[in-house]
Amino acid sequence: MSNLTYVRVAVPFALRTTYSYSIDTDQPILAGQRVRVNFRQRDITAIITEVDTTETLDKSKIKPILEVLDTTPVFSQDLLQLALWAANYYHHPLGEVLFSALPAQLREGKSLPTHTYWELTVEGKGLPEGALKRAKKQNRVLQHLLKHHQLGELDLSQLDIQKATLKAMQDKGLIKRKEKPLSAEQASSADTIFHQSPLPLNPEQQKAVEQIRYHQFGCYLLHGITGSGKTEVYLHIIARALQAGKQALVLIPEIGLSPQTFARFERRFNTHICELHSNISESKRTQNWILAKNGQAKIIIGTRLASLTPIPNLGVIIIDEEHDRSYKQQDSFRYSARDISIYRANKANIPIVLGSATPSLESYANAIHQRYQHLTLTERAGDAIPPAIHIQDLKGKKITAGLTDETLQKVQQTLDSRQQALIFVNRRGYAPALICHTCGWCAQCRHCDTKMTVHRQPAHLRCHHCDRQNTIPKHCPNCKNHNFVTAGFGTEQLELELQQMFSGIEVIRIDRDTTKTRTGMIEKLSAAHTDQPCIFVGTQMLAKGHHLPNLNLVVIVDADHGLLSPDFRGLEQAGQLITQVAGRAGREATQGEVIIQTHKPEHPMLELLLHRGYSAFAKELLQQREQGQLPPYWFLTSIKAESKRAANAVECLKVAKEILLAIQHHAANTSPIEIQLIGPAPAAIEKVNERYRYILHFKTRDRKVMHVGISYLIQQMEHHPITKRCKWVIDVDSVQD
Ligand code: ADP
Ligand code: ZN
Ligand code: ZN
């Protein structure tokens, strides 16, 4: 008897539909399994999204599946539902959503990796006692195997054994290497979940932990000033989940933070913790993904890409630094990991905690309107006191290494008292422009609408948008003179000049160029934990949750950029950055000091921030947003077009605008739909990498209208001739132009 089943599969391309295939098997076929199919003359990996579909198509035209790749689905039914929701919400093709959630090895159709373990051979078992006394590590392996019979890969780091030791024993015929499916391996059952007992909480922390209702959905905004002990609160919440036998998902922002956070969790918990981000090898990522899926990894720490990890026994989700923009992906599938996680927590009926010293206006508004529970930590944990903040008016002042004489004096005083200073400048490289002093020529990227940044170590010009590099020209291409000057300054210049000014003092630069490796940041920050005076020069990488115990002075070299930004989100970000950077100062018992250099000391929002704090600042911004009909009160979707010819991008968005205007007219005779269409306007940087980029903003007060409008737009645009000449994308809840 034939067991012919029809299924629909999603393919890894930007196609907004699923495809029918058939399969004749007596094995169970499940949604979420990977299969190999022939699609448009190519054999590819695809994912089953529906089983047992009743086909209306001509059955003779439906091709058979070539191979089923998984016995158990890589996507559980819950996760498949979540991906479906995300694809709908962000109006992104389902296939791309599903494939982006998988580690590369699984995307390519490789089978799930196996678990390697070692056992004693007959010879190994027969070793006389004390035979390996002289080879300590080998002896440790032997003792482990005599007791537990198997040694798994996960035991290696705990026993401090390297593969070389095992190889040596294998060569001697004492042990043999074996493999089994990863899912068969059992996690070592520990007696206690703690390595290190948790700190006793202060009353505010205690209250926060107690307000969280476990085993039911709730979204909590943990709003605590820097150093107030948010991480300690997370650790307590996670401990509760672990004690109930559950897993925890912790999301952290993209750069720098992971190794430090990871280490803190490992010190605390005696359980499997795994990390998922782009800074680990593909095979490690696959392995960790599987450990999460099998329920063996109890704590999963990752960046936004971990938000769709299969976690069968999820008990709580934590989003650290929830305001961070790296949670929103800026290309391809433009999702917000925070917002997907909130939906996920809701469906799983578990709590989710969003932590920040400077909540996003979205989350803050939700807390004010009681859609989220607002948990606050207003005091620094332990003995630390908040820093004193001073404004330095830059107008008319002499500036050396980006700093006024008064600021330089403060740096000197800090070093004299054997403490550390941080100079924050939000630009890497030596200087943002190279200019000919004779004729005014300026080094421009040939492929983008930007200036080339000057770098010194090694000397070259680099475009920070397309990453192309050039040598520094010998002569001005315009007037042939050799008379170059640089304009402005970046981290590299400050580093060099401060080194000259404060000889004998270590100047440590922390930016994307000096911390490329995974441990780069940790190495760079090791000086922070000594009692040596030193100067850190860093970009916003340093604004994030690093603990710098001896840091006493923080200087924000130039606050103007953010305060005067034309983007409506500029002030929010400036306020967050200033508050976060300032929060680095004086984290232990002595009071720290913060200097903000600006040409606009009288800026009312800066005054509000400094005198009344981030909450008052955020409330004022929310009022402005409401009046301006902006997010979070209105929904903003950006339609972004790019093309080698600016005219194509503009035309494409004009077509889109017409289509969206039509929905307004269409519904006008029932009840008027309030929508706003702004643009097409050039993106913040109009040309990047030879392509012109334009944006159309689509705003509505009603989320449903937004979705209906975008669905209609996609349907109308998909076969429109303009889309052959221009690439266009939808960015729902966009955070960047
Ligand atoms: P945040 O995440 O809010 O910046 P952390 O959790 O990193 O704050 O805490 C800041 C510092 O205060 C850390 O050194 C931490 O060990 C310490 N700390 C946190 N909670 C307590 C507590 N209840 N008692 C004593 N020290 C604490
Ligand atoms: Zn010139
Ligand atoms: Zn460029």
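Preceding block: the structure.
Predicted model only: the values in this text are computed from it and were never measured. (Residues numbered from 1 in each chain as written. Chains lettered and ligands numbered in written order. Predicted model: local features only at pLDDT ≥ 70, side-chain atom pairs only at ≥ 80, totals over all residues. Heavy atoms only, no water.)

Student: I'd like a description of the sheet that holds strand β1 (residues 4-10), backed by residues and values.
Tutor: Strand order in this open sheet of 5 strands is β2-β1-β4-β3-β5, and the pairing throughout is antiparallel. Across the chains shown, the open sheet's two edge strands, defined by having one partner strand only, are β2 (19-24) and β5 (67-68). (Pairing = 2+ DSSP bridges. Helix = DSSP H or I, 4+ residues; strand = E, 2+ residues; numbered from the N terminus.)

Student: Before we move on, could you go through the nonpolar core and cite the residues and values that matter?
Tutor: Formed by 119 residues in total, the largest nonpolar core has its most connected members in F75, I340, F536, I639, F698, L713 and W728. A per-element tally of this core places helix α19 (residues 604-627) first, with 10 residues. Grouped together as the second largest cluster of nonpolar side chains are 30 residues, I212, F269, I301 and L377 included. (Core = buried A, V, L, I, M, F, W, Y, C linked by side-chain atoms within 4.5 Å. Buried < 20%, exposed > 50% of the residue type's maximum accessible area, 1.4 Å probe, protein only.)

Student: Summarise the coordination of the zinc ion (ligand 3); cite the residues concerned and give the values.
Tutor: Distances from the zinc ion (ligand 3) to its protein donors, C445 (SG), C448 (SG), C463 (SG) and C466 (SG), fall within 2.3 to 2.4 Å. Bound by 4 donor atoms, the zinc ion (ligand 3) shows angles of 108 to 111° at the metal and therefore tetrahedral coordination geometry. Sequence spacing of the donors to the zinc ion (ligand 3): C-x2-C-x14-C-x2-C. With a gap of 15 residues between them, C448 in the loop between β18 (433-436) and β19 (453-456) and C463 in the loop between β20 (459-462) and β21 (469-470) connect regions that are remote in the sequence. Exposure remark for C448: the relative accessible area of 3% places this residue in the buried category. (Donors = N, O, S within 2.8 Å, 3.2 Å for Na, K, Ca; no water. Tetrahedral: all angles 85-135°; square planar, octahedral: opposite > 155°, others 65-115°.)

Student: I'd like to hear about the coordination of the zinc ion (ligand 2), residue by residue, with values.
Tutor: By definition of the ideal shapes, a tetrahedral metal site with four donors has angles of 109.5 degrees and an octahedral site with six donors has angles of 90 or 180 degrees. Taken together, the protein donors to the zinc ion (ligand 2) comprise C436 (SG), C439 (SG), C476 (SG) and C479 (SG), at separations of 2.2 to 2.4 Å. Considering all 4 donor atoms around the zinc ion (ligand 2), angles at the metal cover 105 to 113° and the coordination shape is tetrahedral. Motif for the zinc ion (ligand 2), donor spacing along one chain: C-x2-C-x36-C-x2-C.

Student: Could you give an account of the site of ligand 1, naming the residues involved and the relevant values?
Tutor: The environment of ligand 1 is formed by 16 residues, the closest being P200, Q205, K230, T231 and R264. Taking Q205, its side chain carries an N or O atom lying 2.8 Å from a nitrogen atom of ligand 1. At 3.2 Å from an oxygen atom of ligand 1 is found a main-chain nitrogen or oxygen belonging to E232. For ligand 1, the protein covers 76% of the area, taking 550 Å² as the surface of the free molecule. A per-element tally of the shell around ligand 1 places helix α9 (residues 230-243) first, with 3 residues. Each residue belonging to the shell around ligand 1 can be placed in one class, and the counts come to 5 nonpolar, 7 polar and 4 charged. (Near = heavy atom within 4 Å. Polar contact = N/O pair within 3.5 Å; in protein donor to acceptor, adjacent residues only side chain to side chain. Areas by Shrake-Rupley, 256 points an atom, 1.4 Å probe, with all protein chains shown as cover. Nonpolar A, V, L, I, M, F, W, Y, C, P; charged D, E, K, R; others polar.)

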